[in-house]
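Summary of the model geometry
Residues per chain are reported as follows:
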Amino acid sequence: MTRGTGARHVYEVLRKEILTLQLKPGMPLDETSLAERFVMSRSPIREALVRLSADGLVDMLSNRSTLVAPVRLEEFPRYIEALDFLQRINTRLAAENRTDEDLELMVEKAKAFELAIEDRGHLLISETNRDFHMAIADAGRNPYLAQAYGRLLDDGRRILHLHMGFLQKSEKDNLLSPAHFDMIDAIREQDVLLADQLAHEHSRQFHDGFRSFMTADYTEDFEFDLGFDREDS
């Protein structure tokens, strides 16, 4: 393994495991244990952890311990505010600057998302959703806004995984809604205002879905069969 590829491999594996909640928020990441797991020295492990820290996915503490960063639910309103802004501006720019090749890629990614929904794999759903929105951002031709948007989409993948099961049970029709293709149509027609509106509605759908998950009442009436007659107790 050439110099630098070891750290990149560790980074990519741990990043995926954090985003999909295989590594839970607050879980310690011990360099020695990770070095044993990946069969390499601690130097590339630490390099990977530094990169993850720059992404906001781990917290490196002053005592040299490293923890998976928490999902800060109290900041969700601020997160949605930022996501909505970047989603709208990137979609507006895509409507202004898209090429035919951009549109073909958007359609390809939207179809991949639909197949992921049918497959019901949480990881694949979040990956293909991100890929679709990044195809839009790249079509906007502003790499700074696209990069910031990509960071927020990655942050949102952990939130999405938190309530993916709930969404699939209660809102499968919404997940399969034509929202992505509607956005593509607006971008194809270079209808900036409609593209903006659809992007905003998409942010609102994510917001409302998570709020429904957080306020869902999972309790149902049930009876325990204690296995004995109360009169004999």
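First, a word on what this report is: a plain description of the structure on this page.

Quick notes on the rules
- Residues numbered from 1 in each chain as written.
- Predicted model: local features only at pLDDT ≥ 70, side-chain atom pairs only at ≥ 80, totals over all residues.
- Heavy atoms only, no water.
- Helix = DSSP H or I, 4+ residues; strand = E, 2+ residues; numbered from the N terminus.
- Buried < 20%, exposed > 50% of the residue type's maximum accessible area, 1.4 Å probe, protein only.
- Polar contact = N/O pair within 3.5 Å; in protein donor to acceptor, adjacent residues only side chain to side chain.
- Salt bridge = Lys/Arg side-chain N within 4 Å of Asp/Glu carboxyl O.
- Phe/Tyr/Trp six-rings, centres within 6.5 Å; stacked < 30°, edge-to-face > 60°.

What to know about the side chain of Asp102
- Looking at the element boundaries, Asp102 is found in helix α5 (residues 100–119).
- A residue is classified by how much of its surface remains accessible, and Asp102, at 12% relative accessible area, is buried.
- In terms of polar contacts, Asp102 uses its side chain to reach the backbone amide nitrogen of Thr99, at 2.9 Å.
- Side chain to side chain, Asp102 and Arg141 meet in a polar contact 2.8 Å long.

Thoughts on the pattern of salt bridges
- A complete count under the given rule lists 15 salt bridges for this structure.
- In this structure, Asp84 engages Arg88 in a salt bridge whose closest nitrogen and oxygen atoms are separated by 3.7 Å. One end of the pair, Asp84, and the other, Arg88, are both in helix α4 (residues 76–97), four residues apart, so they sit about a helical turn from each other.
- On the basis of relative accessible area, Asp84 is assigned to the buried category, the value being 12%.
- With relative accessibility at 29%, the residue Arg88 sits in the partly exposed group.
- Each of Asp84, Arg88, Arg92 and Asp196 takes part in a single network of salt bridges with overlapping partners.

Examining the packing of aromatic side chains
- This structure, assessed with the given rule, holds three aromatic pairs.
- Ring centres of Phe76 and Tyr79 lie 6.4 Å apart, and the angle between their planes is 25 degrees; this geometry places the pair in the stacked category. In this pair, Phe76 and Tyr79 are both assigned in helix α4, three residues apart and thus about one turn of the helix distant.
- Phe76 gets classed as buried once you look at its relative accessible area, which sits at 7%.
- Between Phe76 and Phe210, the ring centres sit 4.7 Å apart and the planes meet at 45 degrees, which makes this aromatic pair tilted. A residue pair is termed long-range when its members are at least 10 positions apart, and Phe76 in helix α4 and Phe210 in helix α11 (residues 192–215) qualify at 134 residues.
- Following the ring pairs from residue to residue traces out a cluster consisting of Phe76, Tyr79, Phe206 and Phe210.

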